[in-house]
Amino acid sequence: MNQDLDFMFVKYARVWIPDVEEVWRSAELTKDYRQGDGVLQLQLEDGKELEHKLDPKTNNLPHLRNPDILVGENDLTALSYLHEPAVLHNLKVRFIDSKLIYTYCGIVLVAINPYETLGIYGSDIINAYSGQNMGDMDPHIFAVAEEAYKQMARDERNQSIIVSGESGAGKTVSAKYAMRYFATVSGSASEANVEEKVLASNPIMESIGNAKTTRNDNSSRFGKYIEIGFDKRYHIIGANMRTYLLEKSRVVFQADEERNYHIFYQLCASAHLPELKALKLGKANEFHYTKQGRSPVIDGIDDAKEMSTTRNAFTLLGVNESYQMGLFRILASILHLGNVEVKDRDSDSSIIPPNNGHLSVFCELMGVTYQDMSHWLCHKKLKTATETYIKPVPKLQAINARDALAKHIYAKLFNWIVDHVNKALHSSMKQHSFIGVLDIYGFETFEINSFEQFCINYANEKLQQQFNMHVFKLEQEEYMKEQIPWTLIDFYDNQPCINLIEAKMGVLDLLDEECKMPKGSDDSWAQKLYNTHLKTCALFEKPRMSNKAFIIQHFADKVEYQCDGFLEKNKDTVNEEQIHVLKASKFDLLVELFHDEEKATSPTGAAPTTGGRTRLSVKPDKRKVGQASKEHKKTVGLQFRNSLHLLMETLNATTPHYVRCIKPNDYKQAFTFDPKRAVQQLRACGVLETIRISAAGFPSRWTYQEFFSRYRVLMKQKDVLTDRKMTCKNVLEKLVEDQDKYQFGKTKIFFRAGQVAYLEKLRADKLRAACIRIQKTIRCWLARKKYLRMKHAATTIQRYIRGYQARCLAKFLRRTRAAIVIQKYQRMYVQRTCYKRKQAAALVMQCILRAYMARQLYKALLREHKAIIIQKMVRGWLARQWFKRSLRAIVYLQCCIRRMRAKRELKKLKIEARSVEHFKKLNIGMENKIMQLQRRIDEQSKDNRSLNERLNGLEISHAAESERMRVEVTRLRGAEEDAKKNANKVTTLLEEVERLRKDLKNTQKEKKAIEEWAKTYQDEMEQMISELKEQNHLLKSEKNDLNRLIQEQGQQWTEKMQRALKEETQQLENDLNEERSRYQNLLTEHLRLEEKYDDLKEEITLTVNVPKHGHRRTDSTHSSNESECTYNSEFAESEEGSRGGEDVSKGILDMSLFLKLQKRVSELEQEKQSLQNELDRREEQFQRARARDDEEHKKARGAELEYESLKRQELESENKKLKHHLNEMRQSLRGRADAASAAPGSPAYTVLLDQLNTSNEELEVRKEEVLILRSQLVSQKEAMQHKATMTEPLPYIEDVQKLTDAKEISQAYMGLKDTNRLLESQLQAQRRSHENEVEVLRGELQSVKEDNNRQQQLLAQNLQLPPEARIEASLQHEITRLTNENLELHSDDPKEHKAYRISMLRRMVDLMEQLEKQDKTVRKLKKQLKVFAKKINDLEGGQMDVSPGQTTDEPVHPVNIPRREKDFQGMLEYKKEDELKLVKNLILELKPRGVAVNLIPGLPAYILFMCLRHADYVNDDQKVRSLLTSVINSIKKILKKRGDDFETVSFWLSNTCRFLHCLKQYSGDEQFMKHNSPKQNDHCLSNFDLAEYRQVLSDLAIQIYQQLIKSMENILQPMIVSGMLEHETIQGVSGVKPTGLRKRTSSIADEGTYTLDSIIRQLNTFHSIMCQHGTDPELIKQVVKQQFYIIGAVTLNNLLLRKDMCSWSKGMQIRYNVSQLEEWLRDKNLMTCGAKETLEPLIQAAQLLQVKKKTDEDAEAICSMCNALSTAQIVKVLNLYTPVNAFEERVSVLFIRTIQTRLRDRKESPQLLMDTKVIYPVTFPFNPSSLALETIQIPGSLNLAFLTRV
């Protein structure tokens, strides 16, 4: 191993070494290996040093590791080194890092179970893989399915997809997705929806055959092979299923954490349903057969919902409700049987207690007797040659017999369901080919392996042998195809192991022989195995410590089998008496299950033990019952071996495709990889064997062109030759000396293993050397540039520094000299100053000292004097201070008490203020409160002023009183003197004085109290005012805050409403587009269904009629376009055929009738049938009644006939008069209208015509009444004559003569007279009413004429005005007219016409707004009109230039433009019989190339409209209807015939749109007449409103547009991937990587390969064709936008599914290609059409490939840049990013998780791929034509000479 590559083991080379935990570990050589070294010096990835010893015997070197650029490849065979560690590492990298679960390994698809739901199986992925080559897309199960489907169609050979793997690996899911792919891609050949039935079989088989195991929640416990049948067109027509080895033991036993089959738990979960009440089920924990595993519930699975799915699947497959209930009865009975308790009677017998509830339910459900079943569950019958014994069985055997019966019933039920599924999937059509899907168990090995594992591994041995032979065959075919010398490859042949199992005297043969022995046992069978094979076969071994087991060396591993139970499981015996009891059941379904027990089964038949089903027909058996019984007892091993042989024969007759499913871990953890388990499965499933076979030969294969492109760097210029093959040969001979390492084939070079890695090393070394040389040169250049810059900078710096230093020296010398001078003067100044300061200081000190001494003396004297004074004052001060402190303490105590009370009050006020209600009250009436407080303050101020005034008054009064008292004292003093004189008055005066003093003191106290109260009140007021001010300030601040908050909220609400309005507007626009798209899709679906109906009708016609010679059947998949009125078209065809018209006339139909009766055709037919039956019944009753009333009829018949005859005559005469009057009125009106040139679009004229039409309809009704009366008279007369001829020989006239009674004659005469008078009065009343109506109409006509004259005058005046003022004048006139009408109505009756006046005013406002809008848009419209006029003039000039050439070519029929007649009105007249010729020449036989290209764009549309105008002019509604119907059907016919031709579809899309625009432009509607010329307005339609036909034409245009898009897609689709992705527009940017066995499409442009230039050329072709056909510019923009969307979507989808395309260089290629497309848009002036925006996802994906992908900043940039990509697409591109060269780096897993974290809040669709089937909704903006109809000339080449110009 690796001895030939010892030169690769150099330092830094990476190798793989074995490891116990990780199986293989990567290491790097730290020292070169030399021949003979026994130890390799290695360093592990964690930095640990290691010495790896080589085996001294073999001296094999470890496996080399592949280069990093090859890691993660789609195909394992693309790896240079093919060995086990490389395969394991590649799978791990793809699975863990890139989240890719599929990988190719040659012809095998390896699928790893992700244990997570992935979004890679949708319909978009199916469409992406459909039609693709297998190597062109990333590995996928859909790619394998597509390859099988394609090979079946191409090679006409049956295919098989073999899906294998162990339990839990995902086999069932893979097989299910493969079948879904076939059902989606192929479809069914009939309307029976076979593909839905095929898919519906999956839930049924999963419910009855799948169960939860420890390894898998939905493990298939049986193998199945499904054959999906196809017809010759490769549509699914049916399917067939074969099953193998059902695990019956699971019915009666489940291990821990496992479940029984799903159907039992589904039944228990649905036991509450009314229809299942009779089953008497409960929870799953209540039944023995469903609770043993102790895991009745699976997380995330709703068994009741799954039950509903299963029942729906049964219904879809045709199993009716009664059969379903029967199945559920049997399944429920199995559950009840498991709960039957068996008790010991003694040691050798057992008994079931009587009235066992579960057994009673079992018997009731199964329809058997309780006694028989309970008896045979505990007894068995033994038969001898002469007698029969019934023997009781012990409890253990009885329980085993019960379980065996349950397993047997379930196996029979399983087979019955499989048979009915096959019957439902069976098709009566002949099967042309089939694709088989084999979902079978993989190689299994457990701790205890039994008979099931032995059979499974035996089947895998057979499949592995077939796989090895197929791989070997493919290798041999490849070598022979390339003419490579074939050398025998040694590969493992497992035929000896197969012989050990199935050959004569093999394991199975000995097992069957032992089963036939009367006393055979597992031990005796084991001894036979030891004696037979232990010494003769190397693959058979005996365990050392066991005599009841054996070991077989399988291809995957050694497996030890325990012999216990082999014989019992191989026999699979069931008590026959129990079967007989069941056969005697009254339950029909149970009897049907066991109906074939007595029939012989073919060797490969479906036995009850295998669950299989044969596809061979079995003839009725005529042998004896004994033989049948023996045949029935075939062993399980023999039956399985026969079924396996049949399967191998089927597989060998097909082309196999292999899918190997791998289980990554045993814990069902998502994206967790266990290397040990993976390697074990890779070895078991044959993947490594495929690698070994490939590695033994030439695994690496390159085409010569790919090799040259990849290794061009290793060649010299002289080695490059024109012959690529010779170039490659010469180079390889120089690079690889050993020529055995490669071989040259016809188209490829074949390399041995490791040679590509060697070439890659040489290439990398060459590129590295080139990089080093480039780096050396660049670094040298950079260093020299840096040196020169530094040198120049250094000299510059030196120059400046030296100059600076010189200047600094000069400055220093100048400063030094100046400093010396300064020092001299400074020192002198300092000395002089110091001297003066010292002198002054001495003087000052003397003065101060002397003064100080004098002051001290004075102070001593003064101190003694003052001390005495101070003592006096201090003592007085201390006394006063004590008084003041006492007073202050008292005041302070008062203040504290008052403060405490105030604080309490303040606290209460604050609490009240802080309360919510108070705050609300303050907020509610704050301003009022402020005003009240202000008023209160003012009042208190007034009170204060009054108190102050009062106080002043008191003071004044007190002063006056004091003055008075002084006067009084003076007087008293005088009196005292008098008192002295008067001694008697002294005492009285003294008392008076004392009293006055007391009053004075009281007054002083009151004054002081008042002053204190006033001061206190003033302080309180000031405090209250300050508090109020503070509160006012707070309230103002709160008010401002509230106002600001309200403003902010208002602004936020405004912004929010604006955003909501914008979002709502955007949503409405999106809804409008969705609605338009939905309508167009419905229209497409409607047309498709009609097309399908028409195709089926044609097929029926072809099958009924004899086909004509040369008729070719139209493919059912052809995209045809049928008429919307197939029924009416056929009716029209029959009418035209009856009139003898041509074949073209068959397309003519009545479109208006179809528009009204399309949805009611079937109802009318049913009604017609019912009426016909009613009519027949009434006729029979009439016949019977006529026989009874014959005499009465004879008497009254004469009077009735006379009366009816008179009535008929009167009605006919009245009808003639009315018709005459009507014709005269119409002629007079027409004459006056022509004379006055009445405006046909005026309201009065329309009303008049409506009234005339109403009168005409009334006349028609009268005419029909006359015809009915006439027909009744004729019928009665014929009936009477017939009756007379049959019964009486006399004629009818004699009946009248028989009326001899004069009284009867007079009565008849009086009756006739009364009748005549009544008719005459009615006719006169009608005549008067008719004359009144005529007078009214004449008056209205006169007013219309006057209005018309007035309108013409105004029109003439407006025409003389300039264009800007013309519209304004017309609007002003309209406003004036409306105002006049309003005034007239107001004068008539104001109340009655109030609503009308309001509407008139609104209309006036609208007209004014319209006037303003017209002013704004008139300038823009003028420019556009000038451009359009110029284009039309150019076209007319081109037409004029072409005509003279035509006259020279065709002298007999010159087509030069004749002189236009003066009275030509732009109409073309044709005869009714020429309509077919017109349609044939103008539509059916007109080819866009040749004649149509040289015409005026839209000329056929103009001609058809001119013919339509004439039909409207002559008021021929039948002609109008017939022409429009013929035109529409003919266009559809030509599109159906040539719908794949883009030029034809584009031509008729342009003409259909032009015809639609003409109908709008000349309809007479004001909104379409704004841009018309006066002459064009005269050409408007006058008699018919064709609005409904405009809708029909719009739908037809939508249909043509969608067909145009499909045609364009069919042309572009093959070019997109090759041109946008694969082709290298910039040569040499991207390199070709090594590829595997499944070759991809080469990126090198070969001959016939599409490039970007091919796409651009095709786009130019599309654009030029549409412009040449005169397609509307807006429509061209929509088509281009759709083209670019398809290009972008297809390119991005392929990029997301191709790992080799996700590289940096490919991103550059894509961006360059996109820039070329943008340049094309600029050249065509289409940048504003929205096409560039459709490429935005592709542009962002290309940018994502090129940006840095390392840091968090890079992640943020990516998230902000890739807003057009979904999260799934971004992550997918990052996962697929693959370096092409060794210099690039991969994207780390951590970076991808960072991206996912940042993008997790995005709300977007989880869909990965873009929908390429999306078609943007198309609109047809009105585009009027300035071309005058009277100027159009008809070329003679159109063969329309029968048209007459009018």
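Residues numbered from 1 in each chain as written. Predicted model: local features only at pLDDT ≥ 70, side-chain atom pairs only at ≥ 80, totals over all residues. Heavy atoms only, no water.

Undergrad: Honestly, the pairing of strand E2 (residues 23–29) in this entry has me stumped. Any pointers?
TA: Successive side chains on a regular strand alternate, one facing one side of the sheet and the next facing the other. Where burial is concerned, most of E2 is hidden: 5 out of the 7 residues are buried. Of the strand pairs in this sheet, strand E1 (residues 14–19) and E2 are connected by 6 bridges, and their pairing is antiparallel. What sits directly across from Pro18, in E2, is Trp24. Hairpin remark: E1 followed by E2, antiparallel, with 3 residues in the connecting loop. When E2 meets strand E3 (residues 39–44), the two strands line up antiparallel, connected through 3 bridges. Among the inter-strand pairings, Leu29 is bridged to a residue of E3, identified as Leu42. (Buried < 20%, exposed > 50% of the residue type's maximum accessible area, 1.4 Å probe, protein only. Helix = DSSP H or I, 4+ residues; strand = E, 2+ residues; numbered from the N terminus. Pairing = 2+ DSSP bridges.)

Undergrad: Looking at this model, I keep getting lost on helix H11 (residues 370–377). Mind explaining?
TA: Working note: α-helix, 3.6 residues per turn, so residues spaced by three or four point in the same direction. By the burial criterion, the buried members of H11 are Tyr370, Met373, Ser374, Trp376 and Leu377. Taken together, the buried residues of H11 touch helix H9 (321–338), helix H10 (357–366), strand E15 (379–383), strand E16 (388–392), helix H12 (395–425) and helix H18 (576–583). (Contact = heavy atoms within 4.5 Å.)

Undergrad: Teacher, can you tell me more about the confidence of the model for the protein here?
TA: Do not read the predicted coordinates in detail wherever pLDDT is low. Averaged over every residue, the pLDDT of the protein is 78; the share at 70 or more is 75%. Looking across the protein, the model is least confident in helix H30 (residues 1126–1138), with a mean pLDDT of 37, and most confident in helix H6 (residues 262–269), with 94. Here residues 1436–1462 is modelled with pLDDT under 50, and outside its nearest four sequence neighbours on either side it reaches 24 contacts, counting other chains as well. (pLDDT = per-residue confidence, 0-100.)

Undergrad: I would appreciate a short explanation of unusual backbone geometry in the present structure.
TA: Phi is positive for Lys668, close to 55°, though the residue is something other than glycine. Of note, Lys668 is situated in the loop between strand E21 (655–662) and helix H22 (675–685). For Lys668, a relative accessible area of 27% translates into the label partly exposed. Unlike most non-glycine residues, Asn1515 shows phi in positive territory, near 60°. You can see Asn1515 is positioned in the loop between helix H40 (1499–1513) and helix H41 (1517–1537).

Undergrad: What should I look at first to understand the pattern of salt bridges in this one?
TA: A full pass over the atoms with the stated rule returns 43 salt bridges. The closest approach of N and O atoms between Arg154 and Asp155, which form a salt bridge, is 3.4 Å. Overall, the relative accessible area of 52% leaves Arg154 in the exposed class. On the basis of relative accessible area, Asp155 is assigned to the partly exposed category, the value being 42%. A salt bridge links Glu514 to Lys528; the nearest nitrogen and oxygen atoms lie 2.8 Å apart. (Salt bridge = Lys/Arg side-chain N within 4 Å of Asp/Glu carboxyl O.)

Undergrad: Sorry if this is basic, but what is going on with the packing of H11 against H18 here?
TA: For any two helices packed against each other, the geometry is given by the interaxial angle and the distance between the axes. The geometry of H11 relative to H18 is characterised by a closest axis approach of 9 Å and an angle of 165° between their N-to-C directions. Compared by their axis directions, H11 and H18 come out roughly antiparallel. Both H11 and H18 take part in a crossing whose hand is left-handed. Residue-level contacts link Asp372, Met373, Trp376 and Leu377 of H11 to Glu577, Gln578, Val581 and Leu582 of H18. Among the residues forming the contact of H11 with H18, the class breakdown is 5 nonpolar, 1 polar and 2 charged. (Axes fitted to C-alpha atoms, helices over the stretch in contact; angles between N-to-C directions. Parallel < 35°, antiparallel > 145°, perpendicular 65-115°, else oblique. Left-handed = near helix turned anticlockwise from the far one by under 90°. Nonpolar A, V, L, I, M, F, W, Y, C, P; charged D, E, K, R; others polar.)

Undergrad: I keep staring at a nonpolar patch on the surface and nothing clicks. Help me out?
TA: Together, Ile774, Ile778, Trp781 and Leu782 give the surface a local cluster of nonpolar side chains, amounting to about 430 Å² of exposed area. Overall, the relative accessible area of 52% leaves Trp781 in the exposed class. (Patch = residues over 30% accessible without salt bridge, like charges linked within 9 Å, V, L, I, M, F, W, Y side chains within 5 Å. Areas by Shrake-Rupley, 256 points an atom, 1.4 Å probe, with all protein chains shown as cover.)

Undergrad: In this structure, what is going on with the packing of helix H46 (residues 1673–1696) against helix H47 (residues 1704–1723)? I would like to understand it.
TA: Where H46 contacts H47, the two axes come as close as 13 Å, and the packing angle between them is 175°. Classified by the interaxial angle, the pair formed by H46 and H47 is roughly antiparallel. Seen from H46, the contacting residues are Val1680, Phe1684, Ile1687 and Leu1695; seen from H47, they are Ile1710, Leu1717, Trp1720 and Leu1721. Looking at the contact of H46 with H47 residue by residue, the class counts come to 8 nonpolar, no polar and no charged.

Undergrad: How do you make sense of the sheet that holds E21 when you look at a structure like this?
TA: Sheet strands pair by backbone hydrogen bonding; their relative direction is either parallel or antiparallel. Taken in spatial order, the 7 strands make up an open sheet running E6-E7-E21-E8-E17-E11-E12, and their pairing is mixed. Looking at the sheet topology across the chains shown, the edges are occupied by strand E6 (102–105) and strand E12 (236–244). Sheet twist, expressed as the average angle between the axes of neighbouring strands with direction ignored, equals 20°. One ladder, built from 8 bridges, connects strand E11 (residues 223–230) with E12; its direction is antiparallel. Looking at the pairing, Tyr225 lines up with Arg242 of E12. Across the sheet, helix H3 (residues 141–155) touches E6, strand E7 (108–112), strand E8 (159–164), E11, strand E17 (433–439) and E21, and the angle it forms with E21 is around 170°. On top of the sheet, helix H4 (residues 171–186) reaches E8, E11, E12, E17 and E21; it is set at about 160° to E17, its chief contact.

Undergrad: It is not clear to me how a negative patch on the surface should be interpreted in this structure. Could you clarify?
TA: A cluster of like negative charges, contributed by Glu1063, Glu1064, Asp1071 and Glu1074, occupies part of the molecular surface. Position of Asp1071 among the secondary structure elements: in helix H29 (residues 986–1104). (Lys, Arg positive; Asp, Glu negative; His and termini not counted. Charge placed at Lys NZ, Arg CZ, Asp CG, Glu CD.)

Undergrad: Would you mind showing me how to read the sheet that holds strand E23 (residues 742–744) here?
TA: Here we have 3 strands laid out as an open sheet, ordered E22-E24-E23, and antiparallel in their pairing. Across the chains shown, the open sheet's two edge strands, defined by having one partner strand only, are strand E22 (700–703) and E23. In this sheet, neighbouring strand axes are inclined to one another by 20° on average, regardless of whether the strands run parallel or antiparallel. Where E22 and strand E24 (residues 748–751) come together, 4 bridges link them in antiparallel fashion. What sits directly across from Ser700, in E24, is Phe751. Strand contacts of helix H25 (residues 724–735): E23 and E24, with the helix running at about 160° to E23, the strand carrying the most contacts.

Undergrad: Whenever I open this one, the packing of aromatic side chains confuses me. Can you help?
TA: Aromatic ring pairs are defined here through the distance separating the ring centres and the angle between the ring planes. Per the counting criterion, the structure on display carries 35 aromatic pairs. Relative to Phe566, the ring of Phe550 lies with its centre 6.1 Å away and its plane at 65°, an arrangement referred to as edge-to-face. Pair noted here: Phe550 is in strand E19 (residues 549–553) and Phe566 is in helix H17 (residues 566–571), with a separation of 16 residues, a long-range link. Each of the two residues, Phe550 as well as Phe566, counts as buried. Note on Phe707 and Phe751: the rings are 5.9 Å apart at their centroids and 25° apart in plane angle, and the pair reads as stacked. With Phe707 in helix H24 (residues 704–710) and Phe751 in strand E24, the pair connects residues that are 44 residues apart, well separated along the chain. Just as Phe707 is buried, Phe751 falls in that class too. Three or more aromatic residues joined by ring pairs form one cluster here, namely Phe451, Phe454, Trp525, Tyr530, Phe540, Phe550, Tyr561 and Phe566. The ring of Tyr1470 carries Lys1519 above its face, with NZ or CZ at 4.2 Å from the centroid. (Phe/Tyr/Trp six-rings, centres within 6.5 Å; stacked < 30°, edge-to-face > 60°. Lys NZ or Arg CZ within 6 Å of the ring centre and 35° of its normal.)

Undergrad: Looking at this structure, how should I read the side chain of Lys150?
TA: One can find Lys150 in helix H3. For the buried Lys150, no salt bridge is present, and the opposite-charge side chain at shortest range is Glu146, 4.2 Å distant.

Undergrad: Mind showing me how you'd approach the environment of Cys455 here?
TA: Within the element layout of this structure, Cys455 appears in helix H13 (residues 451–481). The class of Cys455 is buried, set by a relative accessible area of 2%. Placed 185 residues apart in sequence, Cys455 and Phe640 show a C-alpha to C-alpha distance of 7.8 Å. Ignoring anything within four residues of it in the chain, the contact list for Cys455 reads Leu245 and Phe640.

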